[in-house]
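Listed below are the residues making up each chain.
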Amino acid sequence: MDIQKILVIGAGQMGSGIAQVCAQAGFDVKLNDMKEEFFQRGLANITKNLSRNVEKGRMTEDEKTQVLSRITKSLDLNDASDVDLVIEAAVENMEIKQKIFKQLDEITPKHAILASNTSSLPITEIAASTKRPEQVIGMHFMNPVPVMKLVEIIRGLATTDEVYKSIEDMTKKVGKVPVEVNDFPGFVSNRILMPMINEAIYTLYEGVATKEAIDDVMKLGMNHPMGPLQLADFIGLDTCLYIMEILHEGFGDSKYRPCPLLRKYVKAGWLGKKTGRGFYMYE
């Protein structure tokens, strides 16, 4: 299927990043959010990223203007009535995602593919809220979207080969590397990453070493660009906890039990970089 028009739902960090790379690849993009201020914040983020590219000589001012001209504002889901693809990047909550997909199923053209940028929720369950489960797929972009190359493409139980191929081709067009993954809790990335982060938190909780020492071991010993506790702060401790709970519930295995210290920090509102405090303090 020839994808030309795309609606991205959610103008936050992930959604604005997805809209940016799609517009840079020449797609017409509608960036949707519930409020004008959310859209404007997302657009400002895109403009800042593009301006940085101009400063570094990666694109011209004219190219930046062209990219921005391909992004239009949407404050109403009915704007999905003429698109070929929807990429949903709303909050990581099954009830909310199912509600959105049910609406999209009624609004979008029959040929449209419905994709979710979920990082852990089952695509099959999201697809069950539509009458076109064969056209529902997962596109898990990595953060920050403009920089990171990987997109996990997750097949639901009913996803067709044709839909998979269309999304694989489109992923390559936006300059990303598609990796095919089946529909299991946490997929591949978070099934491996989150237990590692959780174990690092247990290591701190049990007094094995300081947070700096734990991060240094992983950076200097395992060549990770960032230590697991610092990475958890950047992801958001609430997000880490939520994904661990998805894994724990999905597999029923005690190895995925969230560390009590992680729960305590989330209850305290210490969610990491976005709140100014997590395992580390931020300005």
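Computed from a predicted structure; not experimentally measured.

> What is the right way to look at the UniProt feature "site: Important for catalytic activity" (unreviewed entry) in the protein in this model?
Cross-referencing UniProt, the feature "site: Important for catalytic activity" (unreviewed entry) maps to His-140 in the present numbering. Considering the arrangement of structural elements, one finds His-140 in strand β6 (residues 136-141). Assessed through its relative accessible area of 6%, His-140 is described here as buried. A distance of 2.8 Å separates polar atoms of two side chains, one belonging to His-140 and the other to Glu-152.

> How do you make sense of the domain arrangement of the protein when you look at a structure like this?
Many authors give the size of an interface as the accessible area that is lost as the parts come together. Domain assignment breaks the protein into domain 1 (5-182) and domain 2 (190-274). Computed over C-alpha atoms only, the centres of domain 1 and domain 2 are separated by 27 Å. Taken together, the seven residues of domain 1 in the interface contact four residues of domain 2. Counting the surface lost from both domain 1 and domain 2, the interface buries some 430 Å², and carbon and sulfur atoms represent 53% of this. Considering only the side of domain 1, the residues that lose the most area to domain 2 are Glu-92, Ser-119 and Ser-120, jointly responsible for 65% of the buried surface there. Taken together, the connections running from domain 1 to domain 2 amount to zero salt bridges. Here the side of domain 1 that touches domain 2 is built from residues that sort into two nonpolar, four polar and one charged.

> Even after reading the chapter, I still don't get the nonpolar core, so can you show me in this structure?
The tendency in soluble globular proteins is for nonpolar side chains to be buried as a group. Ile-6, Cys-22, Leu-85, Ile-87, Phe-141 and Met-170 are the most contacted members of the largest nonpolar core, which has 35 residues in total. The element best represented in this core is helix α1 (residues 13-24), accounting for six residues. Excluding its chain neighbours within four sequence positions, the residues that come into contact with Met-170 are Ile-3, Ile-6, Cys-22, Phe-27, Leu-85, Ile-87 and Met-139.

> Sorry, what's going on with the pairing of strand β7 (residues 150-155) here?
Two faces, one strand: in a regular strand the side chains alternate between the faces of the sheet. By the criterion of burial, β7 is predominantly enclosed, with five of the six residues buried. Across five bridges, β6 lies against β7 in antiparallel orientation. Looking at β7, one finds that Phe-141 is bridged to Val-151. Bridge count between β7 and strand β8 (residues 177-182): six bridges; the pairing is parallel. Counted as the bridge partner of Ile-153 is Glu-180 from β8.

> It is not clear to me how the layout of surface pockets should be interpreted in this structure. Could you clarify?
It is a probe the size of a water molecule, rolled over the atoms, that shows where empty space is left. If you add up the space inside the second largest pocket, you get close to 380 Å³. In terms of lining, the second largest pocket is formed by 17 residues, of which the most central are Asn-49, Arg-52, Pro-144, Pro-146 and Val-147. Contributing elements (two or more residues each) for the lining of the second largest pocket: α1 and α2 (36-55). Of the residues in the lining of the second largest pocket, the class split is five nonpolar, eight polar and four charged.

> What is the right way to look at the environment of Tyr-256 in this model?
Examined against the element boundaries, Tyr-256 turns out to sit in the loop between α10 (237-251) and α11 (260-268). Looking at Tyr-256, the relative accessible area reads 4%, which means it is buried. A C-alpha to C-alpha distance of 9.7 Å links Tyr-256 and Ile-243, two positions 13 residues apart in sequence.

Rules and cut-offs
- Residues numbered from 1 in each chain as written.
- Predicted model: local features only at pLDDT ≥ 70, side-chain atom pairs only at ≥ 80, totals over all residues.
- Heavy atoms only, no water.
- UniProt positions renumbered as here; feature names shortened; annotations may be inferred.
- Helix = DSSP H or I, 4+ residues; strand = E, 2+ residues; numbered from the N terminus.
- Buried < 20%, exposed > 50% of the residue type's maximum accessible area, 1.4 Å probe, protein only.
- Polar contact = N/O pair within 3.5 Å; in protein donor to acceptor, adjacent residues only side chain to side chain.
- Domains from an automatic or database assignment.
- Contact = heavy atoms within 4.5 Å.
- Buried area = accessible area lost by both parts, 1.4 Å probe.
- Salt bridge = Lys/Arg side-chain N within 4 Å of Asp/Glu carboxyl O.
- Nonpolar A, V, L, I, M, F, W, Y, C, P; charged D, E, K, R; others polar.
- Core = buried A, V, L, I, M, F, W, Y, C linked by side-chain atoms within 4.5 Å.
- Pairing = 2+ DSSP bridges.
- 1 Å grid on protein atoms, 1.4 Å probe; cavity = no way out; pocket = protein on both sides within 12 Å on 5 of 7 lines; lining within 4 Å.
- Points joined across faces, edges and corners; volume = space filled by probe spheres on them.

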